[in-house]
Number of protein chains: 2
Amino acid sequence: MASPTSGPKRSTIKDVAKKAGVAISTVSLVMNGKGFVSNETSTRVLNVAKQLNYVPRQAARKLPMQSTGNIGFVLRADHFARSEPFYTRIFLGTEFEAHFHGLYVLLTTIPQKFDASLHTPRFLQERNVDGVLIAGKVDSDFIESIAGARIPLVLIDYQLKDHPAVVIDNQQGAKLAVEHLVSKGHEDIAFLGADMLHPSLKERLEGYRIGLNDARLGKPSCEIVSDQGEPDYGTGFELSQQIFECSKRPTAVFCANDSIAMGLLDQAASQGIRVPEDLAVVGFDDVAREDHFRPSLTTVRVYKEQLGELAMKYLNELMAGFPATYPNFERRSHIVRVPTELIIRESS
Amino acid sequence: MASPTSGPKRSTIKDVAKKAGVAISTVSLVMNGKGFVSNETSTRVLNVAKQLNYVPRQAARKLPMQSTGNIGFVLRADHFARSEPFYTRIFLGTEFEAHFHGLYVLLTTIPQKFDASLHTPRFLQERNVDGVLIAGKVDSDFIESIAGARIPLVLIDYQLKDHPAVVIDNQQGAKLAVEHLVSKGHEDIAFLGADMLHPSLKERLEGYRIGLNDARLGKPSCEIVSDQGEPDYGTGFELSQQIFECSKRPTAVFCANDSIAMGLLDQAASQGIRVPEDLAVVGFDDVAREDHFRPSLTTVRVYKEQLGELAMKYLNELMAGFPATYPNFERRSHIVRVPTELIIRESS
DNA sequence: CTGAAAGCGCTTACAG
DNA sequence: CTGAAAGCGCTTACAG
């Protein structure tokens, strides 16, 4: 009786070698395009391999190669289950690039508060990955534990010390947003953000301030910068009340991200304030979904798949032990910065 | 101090055997709790293993065991990147259960229209999985290609022929929804759905009709059942116009899912129809996110993580070649049906 | 350019 | 109850 997975039987390197009349080492060389094999032998082997439907078993390859062919993709469970497809898109980009390199991606989540003794991903204990990708803000203990284990790692949309990271060019994006509002004639542009200790959000605030400065605008009448809370819809809804209590109401608001902007949009609506007539709103991320009710959101688009792709590429270099160049991206030391694009819609 | 990974070197079964003064086969037996090893030897080995921080290498185990320890999780890319965290939650449940069994989950997406020669997941070509989980509606060619390769598979929230599947008890959920509306005094309850060829949605329609029948209600004045389109917000928004054009306007609508219900909610709002006063609305899935603007949605909650967990359990049985029982779940032939729960909120 | 051989780290009959 | 040995399917020096 045939084994469950295999049909008649799966052919191995031996079968190919025998049928092609060569040694298994030659088959191996051919399959991997290594060493010098005569053209004739090579094509013969390749043909036989095709005929026999031979595909090298990964488990067998990995043992002598002392690698696993797997890379771990880690993010916080609450981020993964978030409603906007932000991290899922990043993952998709990673997957795509990994496929290209013949690597598998093991997606694993960790809780917000990481405890090494409880939550260490199994692929780490079993050393079943060659490298790790970490998306979003995660407990620094976790990051350090990976680094401490000397496993190559790349952070995505987050930064910690000198760990390699692929990030959004937040500052550039924020400047784009401000410039746009300025060009629309706004002179009092507020900021609204939470969780502002997050490096990415901090950069957006900086870009915003630079933008104001470049336009020679004075201090805005209102700048809501909370270090607390998650930068989400609920927080945006609540915090934005403060905007309507400011000494003078701004004519435009740049939000730290789309979720917060959505909260602001709804708060404005509930107070009878029209967008964009009474108040222009710009977000960041481009994750707002279709909605026939709210004005569609002007935002700074983040290329999420691209973030994932670049991170995977970067990690691959790290694992291979050699550096590469990123023609179209700014790369300062250990940071790859991915540019954004302004998407103008109804809210501004 | 040496890090476990790469310090001087990672300890192997040999190191443990030598230090414990036994053969490597004994170590293997102990680590896997197999065979009969004296208590004394066993604890000694275990202690040494702990001391040496020994963790068996997966790649090395899998070779002689002729298994991979991986299971593939496949879903459509457009489903994965959807805004509601429906499939991501299912995946989380899968991951959780897989972890428990010492299995890894490889998440891969395929396009809506599957072409075997272009999109066959690599883990299939390389036979790098012991089983496959498929979530949501995917091209039947894909499903058949897995089955044809004799790889154990379990469908989640979808059905095709006699393939094993873990599904939502859609009919029961729909009945719950209708009963609730009836208890609120509604006598003219409409239905709104798209992509109604989907088995799950078809079941919801059936449950709805059974519910009407049980309550001895006549034909509703309106039943919008489209076979086309995706069952999403946009479709819901458009289709729901028909409801307001019906001969008589129903007093309540049961929607095929939450996304459609959200579309209806917004269409109603744009026409100045109050929910729930003028129109009660009930959805299905429980994926609507926080929103301070629309009335919160009464819905039939689906336990997404549980779907994933059960599917993984089921697949595990299939891979092991023996069946098990599901004490709390109806299991008819190859189908495991997971019950739902009615969540009453503002929209009804 | 190609073959024979050792080895990756483990599991599993098979003898004791 | 425990050890010696074969083998999983491949890669990679090392000789020719």
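Scroll up to find the structure.
Below: a short report on this structure. (Residues numbered from 1 in each chain as written. Chains lettered and ligands numbered in written order. Predicted model: local features only at pLDDT ≥ 70, side-chain atom pairs only at ≥ 80, totals over all residues. Heavy atoms only, no water.)

1. Focus on the packing of helix α1 (residues 13-20) of chain B against helix α3 (residues 39-51) of chain B
All names here are of chain B. Formally: Note on method: axes are straight lines fitted to C-alpha atoms, helices fitted across the in-contact stretch only, with angles between N-to-C directions ranging 0 to 180 degrees. Helix numbers and strand numbers start at the N terminus; a helix is a DSSP run of H or I with at least 4 residues, a strand a run of E with at least 2. For this classification, under 35 degrees means roughly parallel, over 145 means roughly antiparallel, 65 to 115 means roughly perpendicular, and everything else is oblique. Crossing handedness is defined as follows: a turn of the near helix away from the far one that is anticlockwise and smaller than a right angle gives a left-handed crossing, while the clockwise case is right-handed. Contacts are assigned to residue pairs with any non-hydrogen atoms lying within 4.5 Å of each other. Classes in brief: Ala, Val, Leu, Ile, Met, Phe, Trp, Tyr, Cys and Pro nonpolar; Asp, Glu, Lys and Arg charged; the others, Gly included, polar.
At their nearest, the axes of α1 and α3 sit 9 Å apart, and the two run at 125° to each other. If you check the angle between α1 and α3, you find them oblique. Classified by chirality, the crossing of α3 by α1 is right-handed. Two secondary-structure elements touch here, α1 through Val16, Lys19 and Ala20 and α3 through Arg44, Val45, Val48, Ala49 and Gln51. Considering only residue class, the contact of α1 with α3 consists of 5 nonpolar, 1 polar and 2 charged.

2. Brief notes about the environment of Ile335 of chain B
Residues and elements named next belong to chain B. Note the threshold: When a residue's accessible area, from a 1.4 Å probe over protein chains only, is under 20% of the maximum for its type it is buried; when over 50% it is exposed; and in between it is partly exposed.
Relative to the assigned elements, Ile335 resides in strand β12 (residues 335-338). By relative accessible area, which is 5% here, Ile335 ends up buried. In the structure, Ile335 is positioned 173 residues away from Asp162 in sequence and 8.6 Å away in space, judged by C-alpha atoms.

3. Comments concerning the protein's contact with DNA strand D
Quick reminder of the rule: Any residue with a heavy atom lying within 4 Å of a molecule or strand is counted as near it. Distance and chemistry together define a polar contact, namely a pair of N or O atoms within 3.5 Å, with one atom able to donate a hydrogen and the other to accept it when in protein, and with adjacent residues in sequence counting only for side-chain atoms on both sides.
Taken together, 27 residues sit near DNA strand D, with Ile13, Ser28, Tyr54 and Arg61 of chain A together with Thr41 of chain B positioned nearest. For DNA strand D, the fraction of protein-proximal atoms (within 4 Å) that sit in sugar or phosphate groups is 72%. A distance of 2.8 Å is found between a phosphate oxygen of DNA strand D and a side-chain nitrogen or oxygen belonging to Arg61 of chain A. Looking at the surface near DNA strand D, the elements that each hand over two or more residues are α2 (24-32) and α4 (58-65) of chain A together with α2 (24-32) and α4 (58-65) of chain B. Here the residues of the surface near DNA strand D are counted per class, giving 15 nonpolar, 9 polar and 3 charged.

4. Remarks on helix α13 (residues 258-270) of chain B
Residue and element names in this part refer to chain B. The line we're drawing: In this analysis, the expected span of each helix is defined as 1.5 Å times one less than the number of residues it contains.
Helix length check: α13, at 13 residues, gives a terminal C-alpha distance of 18 Å against a target of 18 Å (1.5 Å per residue), a fit within 8%. The element α13 is largely enclosed, with a buried count of 11 among its 13 residues. Every buried residue belonging to α13 is among Asp258, Ser259, Ile260, Ala261, Met262, Gly263, Leu264, Leu265, Asp266, Gln267 and Ala268, and all of these are buried. On its buried face, α13 sits against β6 (189-193), α12 (233-243), β8 (252-255), β9 (280-282) and β10 (299-301). Measuring from the backbone nitrogen of Ser259 back to the side-chain oxygen at the start of α13 gives 3.1 Å, which picks out Asn257 as the cap. Positive backbone phi, at 75°, marks Gly272, one or two positions downstream of α13.

5. With respect to the relation of the copies chain A and chain B
For clarity, the cut-off: Copy-to-copy superposition: least squares on the C-alpha atoms, limited to residues that have pLDDT of at least 70 in both copies.
Overlay of chain A on chain B (RMSD 0.0 Å): rotation 180°, translation along the axis 0.0 Å. What we have between these two chains is a two-fold relation. Interface overlap between copies: 97% of the residues of chain A at the interface are likewise at the interface in chain B, consistent with a symmetric, same-surface contact.

6. Some thoughts on the interface of chain A and chain B
As a reminder of what qualifies: Two parts lose some accessible area (1.4 Å probe) when they are put together, and adding that loss for both gives the buried area. Salt bridges are defined as contacts in which a side-chain nitrogen from Lys or Arg sits within 4 Å of a carboxyl oxygen from Asp or Glu.
Across the boundary between the two partners, chain A contributes 58 residues, which contact 59 residues of chain B. Carbon and sulfur atoms make up 57% of the surface buried where chain A meets chain B, a total of about 5,200 Å² over both sides. It is Tyr104, Arg122 and Arg289 of chain A that lose the most area in chain A upon contact with chain B, and together they represent 14% of the buried surface on that side. Seen at the junction of chain A and chain B, the total is 2 salt bridges.

7. Things to note about the packing of α2 of chain B against α3 of chain B
Residues and elements named next belong to chain B. Packing of α2 against α3 brings their axes to within 10 Å, and their N-to-C directions diverge by 90°. The orientation of α2 with respect to α3, classified from their angle, is roughly perpendicular. Seen from α2, the contacting residues are Thr26, Val27, Val30 and Met31; seen from α3, they are Thr41, Ser42, Val45, Leu46 and Ala49. Considering only residue class, the contact of α2 with α3 consists of 6 nonpolar, 3 polar and no charged.

8. Remarks on the sheet that holds strand β7 (residues 223-225) of chain A
Residue and element names in this part refer to chain A. The test is simple: Here, strands pair whenever DSSP counts at least two bridges between them.
Pairing is parallel across the open sheet formed by 4 strands, whose spatial order is β7-β6-β8-β9. The two strands at the open ends of the sheet, each matched to only one other strand, are β7 and β9 (280-282). Pairwise comparison of adjacent strand axes, ignoring direction, gives a mean angle of 20° for this sheet. Alignment of strand β6 (residues 189-193) against strand β8 (residues 252-255), held across 4 bridges, turns out to be parallel. Bridged to Ala190 within β8 is Val253. Lying over the sheet, helix α10 (residues 170-183) contacts β6, β8 and β9, oriented at roughly 165° with respect to β9. Across the sheet, helix α12 (residues 233-243) touches β6, β7 and β8, and the angle it forms with β6 is around 150°.

9. Looking at the sheet that holds β6 of chain B
Residues and elements named next belong to chain B. Across the sheet, 4 strands lie side by side as β7-β6-β8-β9; this open sheet has parallel pairing. Looking at which strands have only one partner, the edges of the open sheet turn out to be β7 (223-225) and β9. Put simply, the sheet's adjacent strands are angled 20° from each other on average, direction ignored. Of the pairings in the sheet, the one linking β8 to β9 comprises 3 bridges and is parallel in character. Each bridged residue has a counterpart across the sheet, and for Phe254 the counterpart in β9 is Val282. Contacts from helix α10 (residues 170-183) reach β6, β8 and β9, with the element oriented near 165° to β9. Packed on one face of the sheet, α12 meets β6, β7 and β8 and runs near 150° to β6.

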